[in-house]
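One-letter residues, chain by chain:
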2 protein chains.
Amino acid sequence: MAKAKTDEFTADEIWLADVAKSLSHPARIAILKLLTELDNCMVGSIVEQLPLSQSTVSQHLKELKRVGLIDGEIDGPRVCYCVNANVLIRAKKALDKLFSKIGCC
Amino acid sequence: MAKAKTDEFTADEIWLADVAKSLSHPARIAILKLLTELDNCMVGSIVEQLPLSQSTVSQHLKELKRVGLIDGEIDGPRVCYCVNANVLIRAKKALDKLFSKIGCC
DNA sequence: CCGTAATATCGTATATTTACGATATACGAT
DNA sequence: ATCGTATATCGTAAATATACGATATTACGG
């Protein structure tokens, strides 16, 4: 029943799982890709490129922002999002650490 | 209503999101960590270390196996799981590619 | 063959995610 | 002040995820 026993895991484990969760939808992967490629990262541009409604895209952006993978900067009546490299690097390091000593049984 | 519009995204995006999904629970992060640390990777050993029931752990193992992050090898009456480095490397490369050109608006 | 141990699967309850349209908010222009 | 545009939030329905106990399966030892 999805009883949140998260306190039984380490903060690192919970954090990495949370970042992974934010990456666990193709739309959010696509959004991150767009943010690294487009010279224009207004929400409207993103919505145009995705097969999803504006409100749904907004929800996905909120999820990415929640874990800090992107930041939104208000630009007049628009919002400009961009990738937060720091969080990204931290996530990659955590992954590397997790798998630094792969050795099997 | 979670209408699966996944065909609108690229295979790469879907795959990476799927791997991320399999990493999106602290128990599964913990399992992967255990598999890289324990000299004994029987299911029983994993269950012992986690605050979850045997059936729940088995479900998590199934999810990790589904995306190929781990392989299970039958060893008598037990099953020995280990990390699949190939899938892992592929995932890391996909992440690196995704973020190779971080440049903001 | 039978019992025991290890693991997987089933059934099921609850929680969370995903999606959309409708509505609210914020801002710039007129 | 009002209008139009851009974005966020609300309400909600359907899908999926998580958890557990109970049961099935598999393999070995006697």
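Cut-offs applied
Residues numbered from 1 in each chain as written. Chains lettered and ligands numbered in written order. Predicted model: local features only at pLDDT ≥ 70, side-chain atom pairs only at ≥ 80, totals over all residues. Heavy atoms only, no water. Least-squares fit on C-alpha atoms with pLDDT ≥ 70 in both. Contact = heavy atoms within 4.5 Å. Phe/Tyr/Trp six-rings, centres within 6.5 Å; stacked < 30°, edge-to-face > 60°. Lys NZ or Arg CZ within 6 Å of the ring centre and 35° of its normal. 1 Å grid on protein atoms, 1.4 Å probe; cavity = no way out; pocket = protein on both sides within 12 Å on 5 of 7 lines; lining within 4 Å. Points joined across faces, edges and corners; volume = space filled by probe spheres on them. Helix = DSSP H or I, 4+ residues; strand = E, 2+ residues; numbered from the N terminus. Nonpolar A, V, L, I, M, F, W, Y, C, P; charged D, E, K, R; others polar. Buried < 20%, exposed > 50% of the residue type's maximum accessible area, 1.4 Å probe, protein only. Polar contact = N/O pair within 3.5 Å; in protein donor to acceptor, adjacent residues only side chain to side chain. Salt bridge = Lys/Arg side-chain N within 4 Å of Asp/Glu carboxyl O. Buried area = accessible area lost by both parts, 1.4 Å probe.

A. Local environment of the relation of the copies chain B and chain A. The transform that puts chain B on chain A rotates by 180° and translates by 0.0 Å along the axis, for an RMSD of 0.0 Å. Here the symmetry operator amounts to a two-fold rotation axis. No C-alpha of chain B approaches the rotation axis more nearly than that of B:A20, which lies at 2.5 Å. When the interface residues of chain B are mapped onto chain A, 100% of them again lie at the interface, so the same face is used by both copies.

B. Structural detail: the packing of aromatic side chains. Applying the stated criterion across every chain yields a total of 0 aromatic pairs over all chains. Sitting over the face of the ring of A:W15, A:R90 holds its NZ or CZ atom 3.8 Å from the ring centroid.

C. Representation of empty space enclosed by the protein within the structure. All told, the structure shown has 1 cavity of 30 Å³ or more when counted by the stated rule. In this structure, the largest cavity occupies an estimated 230 Å³ of space. What lines the largest cavity is a set of 20 residues, among which A:A20, A:L23, A:L95, B:L23 and B:L95 lie closest to the centre. Among the secondary structure elements, those contributing two or more residues to the lining of the largest cavity are α1 (11–22) and α5 (85–98) of chain A together with α1 (11–22) and α5 (85–98) of chain B. A breakdown of the residues in the lining of the largest cavity according to their chemical character gives 18 nonpolar, no polar and 2 charged.

D. Molecular detail of the side chain of B:S24. Mapped onto the fold, B:S24 is located in the loop between α1 and α2 (26–37). Among the residues examined, B:S24 registers a relative accessible area of 16% and is labelled buried. Side-chain polar atoms of B:S24 contact the backbone oxygen of B:K21, separated by 2.6 Å. Setting aside residues no more than four positions away along its own chain, B:S24 makes contact with A:A17, A:A20 and A:K21.

E. Representation of the pattern of salt bridges in the model. The final tally for this structure, using the stated rule, is 10 salt bridges over all chains. Between A:E63 and A:R66 there is a salt bridge whose closest N-O contact spans 2.8 Å. Of this pair, A:E63 and A:R66 both sit in helix α4 (residues 54–66), 3 residues apart, which is roughly one turn of the helix. By relative accessible area, A:E63 is classed as buried at 15%. Overall, the relative accessible area of 43% leaves A:R66 in the partly exposed class. A salt bridge links B:D96 to A:K92; its shortest N-O distance comes to 2.9 Å. Of the two residues, B:D96 is situated in helix α5 and A:K92 in helix α5; the pairing between them involves two chains.

F. Spatial organisation of the interface of chain B and chain A. Taken residue by residue, the interface counts 43 residues in chain B and 44 residues in chain A. For the pair chain B and chain A, the two sides together bury roughly 3800 Å², of which 77% comes from carbon and sulfur. At the junction of chain B and chain A, the tally comes to 4 salt bridges. Across the chain B-chain A interface, the total number found is 4 residue pairs in polar contact (both at pLDDT 80 or more). Residue assignment for the side of chain B that touches chain A shows that the elements contributing at least two residues are α1, α2, β2 (78–83) and α5 of chain B. At 9 residues, the largest contribution of residues to the side of chain B that touches chain A is made by α2(B).

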